[in-house]
Amino acid sequence: MSAAEAGGVFRRARGRTLDAFSSEKEREWKGPFYFIQGADPQFGLMKAWSTGDCDSGGDEWEQEIRLTEQAVQAINKLNPKPKFFVLCGDLVHAMPGTPWRKEQTEDLQRVLRTVDGEIPLVLVSGNHDVGNVPTPETIAEFQRTWGDDYFSFWAGGVLFLVLNSQFFYDASMCPALKQAQDQWLDQQLSIAGQQKCQHAVVFQHIPLFLQSIDEDDDYFNLTRLVRKEMADKFSQAGRSTCSPGAAPATETWRRLQRGRPQA
């Protein structure tokens, strides 16, 4: 199922923005709201882990379908409705160019089509979506299937920034694409400062850190050099919270709101 066939719910991130929201109407704070954050539906992971073959063992994903359906049903029952539903990466388990990817993608799209039409989907790329070392081809595939890999939107008076964190992990095969995101992010943060944005939230798959900005480099975080650079950038821009997908670090990120972290 292509993105077009899946319906507009999958293709709202275009031109580096999400047209589910009007930027002019949504820039102004009009009262409290909430959104739902999920991550790693990763159709195929459970079977792969159970067999110990994470590279090619994900040939079944009935459990993931069932769990995602339950999550969607619960979200659809919420009243008042959430502002949006964001999935922070690893949408399917099969890496680009590997078996089962097409089938996993089609099944996830089928389930996500049942999300209430009044609850926009915000889709973030993870390493299983664009590859551990992304290429122009894997990025283009994600864009065709799910929409832009990085973009921004205003909702409820808050600026939301969606980033492709694989560029921070290893962009050796697509340096120009990483540079483009870096320049775009600088522009977005500059605009936020000019418009005196009070709150900004960043969505990305790989967290900057798990417990402390000075922690050792690990599979589930970005390197110290990268996390320090990004933390400084966000802190200098003002108040921000980073919401990752691969592991929870949002509570730690709130410390950045109280001052610039030290090296």
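Residues numbered from 1 in each chain as written. Predicted model: local features only at pLDDT ≥ 70, side-chain atom pairs only at ≥ 80, totals over all residues. Heavy atoms only, no water.

## Regarding the pattern of salt bridges
Line of reasoning, step 1. This model, assessed by the stated rule, comprises 15 salt bridges.
Line of reasoning, step 2. Among the salt bridges present, the one from aspartate 149 reaches arginine 16, with a minimum N-O distance of 3.1 Å. Here aspartate 149, found in the loop between helix H7 (136–146) and strand E6 (151–155), pairs with arginine 16, found in the loop between strand E1 (13–14) and strand E2 (17–18); they are 133 residues apart in sequence, far enough to count as distant.
Line of reasoning, step 3. Take aspartate 149: its relative accessible area is 1%, and that puts it in the buried class. (Salt bridge = Lys/Arg side-chain N within 4 Å of Asp/Glu carboxyl O. Helix = DSSP H or I, 4+ residues; strand = E, 2+ residues; numbered from the N terminus. Buried < 20%, exposed > 50% of the residue type's maximum accessible area, 1.4 Å probe, protein only.)

## What to know about the packing of aromatic side chains
Line of reasoning, step 1. Within the structure shown, the criterion is met by 15 aromatic pairs.
Line of reasoning, step 2. Seen from their ring centres, phenylalanine 21 and phenylalanine 84 are 6.2 Å apart, and the 75° between their planes marks the pair as edge-to-face. Of the two residues, phenylalanine 21 sits in the loop between E2 and helix H2 (23–26) while phenylalanine 84 sits in the loop between helix H4 (62–76) and strand E4 (85–88), which places them 63 residues apart along the sequence.
Line of reasoning, step 3. Note on phenylalanine 84: relative accessible area 0%, which makes it buried.
Line of reasoning, step 4. Relative to phenylalanine 160, the ring of phenylalanine 35 lies with its centre 5.6 Å away and its plane at 90°, an arrangement referred to as edge-to-face. With a gap of 125 residues between them, phenylalanine 35 in the loop between H2 and strand E3 (36–38) and phenylalanine 160 in strand E7 (residues 158–162) connect regions that are remote in the sequence.
Line of reasoning, step 5. On the basis of relative accessibility, which here comes to 1%, the residue phenylalanine 160 falls in the buried class.
Line of reasoning, step 6. One aromatic cluster in this structure is built from Phe21, Phe35, Phe84, Phe151, Phe153, Phe160 and Phe203.
Line of reasoning, step 7. Here the basic side chain of arginine 16 rests over the ring of tyrosine 150, its NZ or CZ set 3.6 Å away from the ring centre.
Line of reasoning, step 8. Above the plane of the ring of phenylalanine 33 lies lysine 83, whose end atom (NZ or CZ) is 5.8 Å from the centre. (Phe/Tyr/Trp six-rings, centres within 6.5 Å; stacked < 30°, edge-to-face > 60°. Lys NZ or Arg CZ within 6 Å of the ring centre and 35° of its normal.)

## Some points on H4
Line of reasoning, step 1. The first and last C-alpha atoms of H4 sit 21 Å apart over 15 residues, in line with the 21 Å expected at 1.5 Å per residue.
Line of reasoning, step 2. Among the residues of H4, those classed as buried are Glu64, Ile65, Thr68, Val72 and Ile75. The arc enclosing the buried residues of H4, seen along the axis, measures out at 100°, which places them on a common side.
Line of reasoning, step 3. Each element contacted by the buried residues of H4 is listed here: E3, helix H3 (45–51), E4 and helix H5 (101–112). (Expected span 1.5 Å × (residues − 1). Arc of directions from axis to C-beta. Contact = heavy atoms within 4.5 Å.)

Honestly, it's all geometry; don't read function into it.
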